Amino acid sequence: MKTNQLSNEEIVDYFRQDAEKLFRYLPWLEGKSGHAICNIFKEEGIAQNSVAFPVYDSTLLQFVKEAEGTCFMDRNHVYVYSRNQLKTCQDELRLIEKATLRDMEQLGGILSHYILKGRTKALLWSEGVQNGVYLALLRKMKEIFDFWERDRFTEKQNG
């Protein structure tokens, strides 16, 4: 969706409900951010006879499934990366930090990168937790929506 044609209130209305679905994962992300949450299954003798595979935290898998069903998913997320010259996690975190309401599509592009590319390179799902990108994204979205909700409330009181 092209948000450059929408008013600020329409952007808030469009993204807020899906963002709130993800906000319930904030406490979990705060506790897990910076830690590895993917284990490699290494049962006795498996290394000699088969390929080891990752085992993911069930909450992470729920988060991924929930995020996949939101309006933030954008199959063209690669354009967000090329337009903003995002190459590293630090680049992503810098973009997130300076984001405003008008940058919701860019935030969605970063989330999409981890969620959608994680389907073929599943370690991206756990990297999003470990490097703090999911946490930074959700905190920034919450900060933006809380600001606009306070602004709406103030307008109603004054007007």
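Per chain, residues are indexed from 1 in the order of the written sequence. For a predicted model such as this one, the threshold for reporting local features is a pLDDT of at least 70, and the threshold for listing and counting side-chain atom pairs is 80 or more; totals across whole chains, interfaces and linings nevertheless cover every residue. The basis for every side-chain value is the complete set of heavy atoms in the structure, and neither hydrogens nor water enter the calculation.

Engineer: Can you break down the overall build of the protein chain residue by residue, with the values?
Structural biologist: The secondary structure listing takes helices from DSSP runs of H or I that are at least 4 residues long and strands from runs of E that are at least 2 residues long, numbered from the N terminus. Scanning the protein chain for helices and strands turns up 9 helices and 2 strands. For the protein chain, the succession of helices and strands along the chain, N to C, is α-α-β-α-β-α-α-α-α-α-α. Residue contacts follow a heavy-atom distance rule, with two residues in contact if any of their heavy atoms lie within 4.5 Å. For the protein chain, contacts bridging at least 24 residues in sequence account for 73% of all contacts bridging at least 6. Note that accessible areas follow from Shrake-Rupley with a 1.4 Å probe, and for residues the cover is restricted to the protein chains shown. For the protein chain, the accessible area works out to roughly 9,500 Å², and carbon and sulfur atoms hold 48% of it.

Engineer: Hey, could you go over the packing of helix α7 (residues 104–117) against helix α8 (residues 123–130) for me, with residue numbers and the actual values?
Structural biologist: Axes here mean lines fitted to C-alpha atoms, for a helix over just the part in contact, with angles spanning 0 to 180 degrees between N-to-C directions. It is at 7 Å that the axes of α7 and α8 come closest, and there the two elements cross at 140 degrees. Relative to α8, the element α7 lies oblique. The segment α7 lies against α8, with His 113, Tyr 114, Ile 115 and Lys 117 engaging Leu 124, Trp 125, Glu 127 and Gly 128. In the contact of α7 with α8, the residues fall into 4 nonpolar, 2 polar and 2 charged. These descriptions rest on fixed angle ranges, namely under 35 degrees for roughly parallel, over 145 for roughly antiparallel, 65 to 115 for roughly perpendicular, and the rest for oblique. Note on residue categories: nonpolar means Ala, Val, Leu, Ile, Met, Phe, Trp, Tyr, Cys or Pro, charged means Asp, Glu, Lys or Arg, and polar means any other residue, Gly included.

Engineer: Can you break down the side chain of Asp 18 residue by residue, with the values?
Structural biologist: Here Asp 18 shows up in helix α1 (residues 8–23). Once residues within four sequence positions are removed from consideration, Asp 18 is found in contact with Thr 70, Cys 71 and Phe 72.

Engineer: Give a description of the nonpolar core that names residues and reports values.
Structural biologist: Throughout, nonpolar core names a set of buried Ala, Val, Leu, Ile, Met, Phe, Trp, Tyr and Cys residues whose side chains join them through atoms within 4.5 Å. We call a residue buried when its accessible area falls under 20% of the maximum for its residue type, exposed when it is over 50%, and partly exposed in between, using a 1.4 Å probe and counting protein chains only. Of all hydrophobic cores here, the largest spans 48 residues; its most connected members are Met 104, Leu 111 and Tyr 134. Every element with two or more residues in this core is listed here: α1, α2 (26–32), α4 (58–68), α5 (77–83), α6 (89–98), α7, α8 and α9 (133–158). For this core, the leading source of residues is α9, giving 9 residues. Ignoring any residue separated from it by four or fewer positions in sequence, one finds Met 104 in contact with Ile 11, Phe 15, Phe 72, Met 141, Ile 144 and Phe 145.

So, to be careful, I would describe these as geometric facts and stop short of saying anything about function.
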